[in-house]
Amino acid sequence: MAIQRVSSKWAKTKVLLRNRQITRYIPLTLKYSQDTLIEMMNNHSLVYIKPDIGTYGNGVMCVERLITSEQSDQGDSPTNPELYNLQFNTSREEFHNLNDLHSAILRRTQHKLYLIQQGITKLKYKERSFDLRVLTQKNTYGRWETTGIIGRVAAKDKIITNYHSGGKIKMLDEVLREHASQEHINALEKDLYNLGVDTARQLQKDYPKLQEIGLDVALDKTLYPWILEVNTLPALFPFKKFFKDKNVYRRIERYAIAYGRLPARRKEIRSKSKA
């Protein structure tokens, strides 16, 4: 049986938004247009603009509404009350109105479907922002189980944390050590494990052949988790390469073999042929 994959971020978001328990973990997400850009920038100082279909963080942009020196002065009205910083990869551009900003964004989107999402000010690890990847799989009994969580730290001057874009993989305890007690980290880890399972179950209502998902989760300053997006073809190698506890990856691998993501090991094939 083929493993079901869902490329559209918008399609997955709509399914998740039908579950009230999960909705509270999803930042406001809309289809990108000039109107939604205006709406979001009027209500949020930080937004992310991402392609509906895309991998490895390719095409992701960030817009931050800045307070200019003219705005911060008391008394006289500001000369340039608006200033927007658009970041793409490591390049930055500034715009003094939303019309020019929208035109610059269109040059990059080329009229393809993009989403605009409320920005979450992420926690930082050694002055660099990070998020989490929560891996949830079908186990050998066909039940959903969260099998691992890793931290992904952004490369210098980059807005995305993906390993393929220069991000660094760290353990959950490592990225949270300066932000929370061990007791709080353990409680958060448990909540994230449950969130992975709840999210998988909700998506499976529309996509019954799903076998694995990877949640990209940002933590704000209060350590509240926000689901940035869900990947239905999550990378497994970071858990193999960076997890100190090798038993974690062995379980991940065993489940992935059971539902057909990975080929069976040669030793297992030989033992079956002898039976």
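On a predicted model such as this, the values are computed, not experimentally measured, just so you know. (Residues numbered from 1 in each chain as written. Predicted model: local features only at pLDDT ≥ 70, side-chain atom pairs only at ≥ 80, totals over all residues. Heavy atoms only, no water.)

**Looking at the overall build of the protein chain**
Note the cut-off: Helix numbering and strand numbering both begin at the N terminus, where a helix is a DSSP run of H or I of at least 4 residues and a strand a DSSP run of E of at least 2. The quantity called the radius of gyration is restricted to C-alpha atoms. Its globule counterpart is 2.2 Å times the number of residues to the power 0.38. Burial classification: accessible surface area is computed with a 1.4 Å probe over protein chains only, and a residue below 20% of its type maximum counts as buried, one above 50% as exposed, and the rest as partly exposed. Contact between two residues is taken to exist if any of their heavy atoms lie within 4.5 Å; hydrogens are not considered.
For the protein chain, the helix and strand inventory stands at 10 helices and 12 strands. Its C-alpha atoms give the protein chain a radius of gyration of 21 Å, near enough to 19 Å, the size a compact globule of 275 residues would have. Counting only C-alpha atoms, the protein chain reaches 85 × 40 × 35 Å along its principal axes. Expressed as a percentage of its 275 residues, the buried residues of the protein chain come to 48%. Nonlocal contacts in the protein chain, meaning residues at least 24 apart in sequence, comprise 60% of its contacts between residues at least 6 apart.

**Comments concerning the packing of aromatic side chains**
The line we're drawing: Stacked, tilted and edge-to-face are the three classes applied to pairs of Phe, Tyr and Trp rings, where Trp contributes its six-membered ring and a pair requires centres within 6.5 Å; stacked means planes under 30 degrees apart, edge-to-face means over 60, and tilted covers the rest. As a reminder, the over-ring test applies to NZ of lysine and CZ of arginine, requiring each to be within 6 Å of the ring centre and within 35 degrees of the ring normal.
A full pass over the atoms with the stated rule returns three aromatic pairs. An angle of 20 degrees between the planes, with centres 5.9 Å apart, marks the rings of F239 and F243 as stacked. Per residue, the accessibility class of F239 equals that of F243, and both read buried. Counting every residue linked through ring pairs, the aromatic cluster contains Y25, Y224 and W226. In this structure, R108 packs its charged tip against the face of F88, placed 4.4 Å from the ring centre.

**Observations concerning the confidence of the model for the protein chain**
Under the convention used in this document: As a per-residue quantity, pLDDT reports the predictor's confidence and falls between 0 and 100.
Summary statistics for the protein chain give a mean pLDDT of 90 and a share of 91% for residues scoring 70 or more. Below a pLDDT of 50 lies the segment residues 75-79, which in the model reaches three contacts outside its immediate sequence neighbourhood of four places, other chains included. Counted against residues more than four places away or in other chains, residues 268-275, with its pLDDT under 50, gives two contacts.

**Details of the environment of F239**
With respect to the secondary-structure elements, F239 resides in helix α8 (residues 237-242). On the basis of relative accessibility, which here comes to 1%, the residue F239 falls in the buried class. Along the backbone, F239 and L135 are 104 residues apart, and their C-alpha atoms lie at a distance of 9.3 Å. Here F239 is in contact with R133, L135, G148, I149, I150, Y249 and I252, once residues within four sequence places are set aside.

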